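Spelled out from the first residue to the last, the chains are:
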Amino acid sequence: MQSRIHDRTFIEDVGALSQMAWPRHALRPYQARVARSVVRSVMKHAGDQFVVVFARQSGKDELLAQLSAYLMWRAQLRGGSIITVTPTLRPQGMIAMRRLHARLSEVLLLGEARGRDNTLTLGRATCGFLSAYPHAQARGETASLMLVCNEAQDVLPGRWDAVFDPMGAAAHATQVFSGTVWTSKTLLARQMAYLGELERKDGKHYVPEYGEQVRARLAQFGKDHPFIRTEYFLEEIDDESRLFGPARRAHMRGDHPRARSATPGRSYALLLDVAGADETGIRGDPGAEPPAGVARANRDATALTVVEVDLAGLDDPLVMRPRFRVVDRRQWVGTPHPQLYAAIADLARNVWTARWLVVDATGVGAGLAGFLGQALPGKVVPFVFSAQSKSQLGWDFLSLVESGRYKEYAEDDEGDTGLFWAQVEACTSQVSDAPGKLLRWFVEEPRTHDDLLISASLCAVLDRVDWRPRVARGR
């Protein structure tokens, strides 16, 4: 390999070098087209901007590593610098640095690539890795070859403009923005809009090689889930809207009847939202301010949702998760916790023979969850609300809904059923553009509350428990 590396074909074509030097990770045609376009711009000092947007697991990070390795390999005699910016240095920047080091180790001419702190060196060529975190010290670096912003959807536009964009100005460095589309307000979306449809075409592919994985994710999350839309179909989504629009509500509706007790041979779980937390939708964070328009009003109802668990989904090779059918729900208003404890323990033991009981253990709910855990050993799963945990619960619940694994019982004209659907329809959401994509979801109308909806959403916690049959073995 080392003797052939002097061949001019491999020196002048990044795709050819990739096939020879990294055969296990060789660039696919759609990746090579992007790489060649970027290399032409770098070699001509054209200072072009590129946006690279691939579907999930389509090789975006591998492309950036090989592109940087190729440019450093060509510049190792005359010198040149690349700057790669990621939302965080650890772990994102260090992961990218290790990948680049691995590629460089296979195309050596002047000795081993050396790493020091956050910089890799090959001969006289360097690649530095910087954090875009707002308080990170990142000024003073210069990019003469290429300036990369990876996961650009998580980098604040103002931070990029003030700190990083000037790093490539003096040498007219080519800029590459890559990541996952999210909302129209991100740095990545801004650059995509700026470059227009022509520049987006090379990267916007639904890659055939990943068809099986995409089908599995569609089965798991559903085609309208925000992550599927952004990471596979590369669509932008709004960051503020009704969380459960008509399409999602249609997904939730089932045709099975409501029940009042267990059917022998079937599995059930109870989901309990405990009264006492505030209405801001940021439970567990008492210092947080509620979203605009949401009054501070104490919750005054404890809500219980009963789901029948269909374990047949565990055998589906694409899903491998259970399905949930809501069969009943109850509410208690102003009921003391000792009475709640007795009622819920009886429902779990004698009415539903529940396999699991998920309990809101936030604040005053912690005590009730503890007592229920003692009464129902091995069956209680506590859940503590915070901004982060509620966000993840919301994303996970949407996955259940979009994939058709959560179904409500048929309309029965009962008051609690109507109240549940009113809460669903009134639920509003906000999605942060910051790293983590924090989902804040809440009901703006304080008189409507969200007790029944929160209780139902705890169904997503059941995806994290082990539903395999328990087998007793003697000795």
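Residues numbered from 1 in each chain as written. Predicted model: local features only at pLDDT ≥ 70, side-chain atom pairs only at ≥ 80, totals over all residues. Heavy atoms only, no water.

A. Looking closely at the packing of aromatic side chains. Within the structure shown, the criterion is met by 10 aromatic pairs. Considering the side-chain rings of tyrosine 30 and phenylalanine 54, the 5.1 Å spacing of their centres and the 90° angle between planes classify their relative orientation as edge-to-face. Within this pair, whereas tyrosine 30 is found in helix H3 (residues 29-43), its partner phenylalanine 54 is found in the loop between strand E1 (49-52) and helix H4 (60-75), the two being separated by 24 residues in sequence. In terms of burial, tyrosine 30 and phenylalanine 54 fall into one category: buried. (Phe/Tyr/Trp six-rings, centres within 6.5 Å; stacked < 30°, edge-to-face > 60°. Helix = DSSP H or I, 4+ residues; strand = E, 2+ residues; numbered from the N terminus. Buried < 20%, exposed > 50% of the residue type's maximum accessible area, 1.4 Å probe, protein only.)

B. Local environment of the sheet that holds strand E12 (residues 356-360). Taken in spatial order, the six strands line up as E13-E12-E9-E10-E11-E14 in an open sheet, and their pairing is mixed. Two strands bound the open sheet, and with one partner strand each, they are strand E13 (380-383) and strand E14 (406-407). By the bridge criterion, 10 bridges tie strand E10 (residues 301-310) to strand E11 (residues 323-333) in an arrangement that is antiparallel. Residue pairing for E11: valine 309 is matched across the bridge by phenylalanine 324. (Pairing = 2+ DSSP bridges.)

C. Region of interest: the side chain of serine 178. Looking at where serine 178 falls in the secondary structure, it is placed in strand E7 (residues 174-178). In this structure the side chain of serine 178 is engaged in a polar contact, spanning 2.7 Å, whose partner is the side chain of asparagine 150. When neighbours within four sequence positions are excluded, serine 178 is seen to be in contact with Val52, Lys60, Leu64, Cys149, Asn150, Glu151, Ala152, Gln153 and Leu188. (Polar contact = N/O pair within 3.5 Å; in protein donor to acceptor, adjacent residues only side chain to side chain. Contact = heavy atoms within 4.5 Å.)

D. Here's a closer look at helix H6 (residues 157-164). Those residues of H6 lying buried are Arg159, Trp160, Val163 and Phe164. The arc that holds the buried residues of H6, viewed along the axis, is 100°, so those residues lie on one side. (Arc of directions from axis to C-beta.)

E. Structural view of the sheet that holds strand E2 (residues 80-86). Within the open sheet, the seven strands sit side by side as E1-E7-E6-E2-E5-E4-E3. Their pairing is mixed. Whereas interior strands pair on both sides, the edge strands pair on one side only; in this sheet they are E1 and strand E3 (114-116). With strand direction ignored, the average angle separating the axes of adjacent strands in the sheet is 15°. Strand direction decides the pairing type here: E2 and strand E6 (residues 146-149), joined by four bridges, are parallel. Across the sheet, the residue bridging to valine 85 is cysteine 149, located in E6. Across the face of the sheet, helix H5 (residues 89-104) comes into contact with E2, E3, strand E4 (119-122) and strand E5 (125-131) while running at roughly 160° to E5. (Axes fitted to C-alpha atoms, helices over the stretch in contact; angles between N-to-C directions.)

F. Structural detail: helix H12 (residues 365-375). Where H12 is concerned, the buried positions are Gly365, Leu368, Ala369, Leu372 and Ala375. End-on, the buried residues of H12 take up no more than an arc of 120°, which puts them together on one face. Facing away from the buried side of H12 by over 90 degrees, the exposed positions are Phe371 and Gln374. Buried-residue contacts for H12 involve strand E9 (267-273), helix H11 (337-351), E12 and E13.

G. Main features of the side chain of glutamate 308. Within the secondary structure, glutamate 308 is located in strand E10. Among residues more than four places away in sequence, those in contact with glutamate 308 are Arg266, Ser267, Tyr268, Arg323, Phe324, Arg325 and Val327.

H. Structural view of the nonpolar core. If you look at the biggest cluster of nonpolar residues, it comprises 42 residues, and the most contacted ones within it are Phe244, Met252, Val307, Phe397, Tyr406, Phe420 and Leu462. A total of six residues in this core trace back to one element, the largest contributor, which is helix H13 (residues 387-402). Formed by 41 residues, the second largest nonpolar core is a distinct cluster that contains Trp22, Ala32, Phe50 and Leu63. (Core = buried A, V, L, I, M, F, W, Y, C linked by side-chain atoms within 4.5 Å.)

I. Representation of the environment of phenylalanine 54 in the model. Overall, the relative accessible area of 4% leaves phenylalanine 54 in the buried class. Along the primary structure phenylalanine 54 and tyrosine 30 are separated by 24 residues, whereas in three dimensions their C-alpha atoms are 9.6 Å apart.

J. Representation of the confidence of the model for the protein chain within the structure. Per-residue confidence for the protein chain gives a mean pLDDT of 83; residues scoring 70 or more make up 78%. Long-range and interchain partners of residues 203-210, a stretch whose pLDDT sits below 50, account for 19 contacts in this model, where long-range means more than four residues apart. A low-confidence stretch, residues 277-298 stays under pLDDT 50, and its non-local contacts, those more than four residues away or across chains, total 53 contacts. (pLDDT = per-residue confidence, 0-100.)

K. Spatial organisation of the environment of valine 333. The residue valine 333 is located in strand E11 in this model. Overall, the relative accessible area of 59% leaves valine 333 in the exposed class. Sequence-wise, valine 333 and alanine 303 are 30 residues apart; in three dimensions their C-alpha atoms are separated by 8.9 Å.

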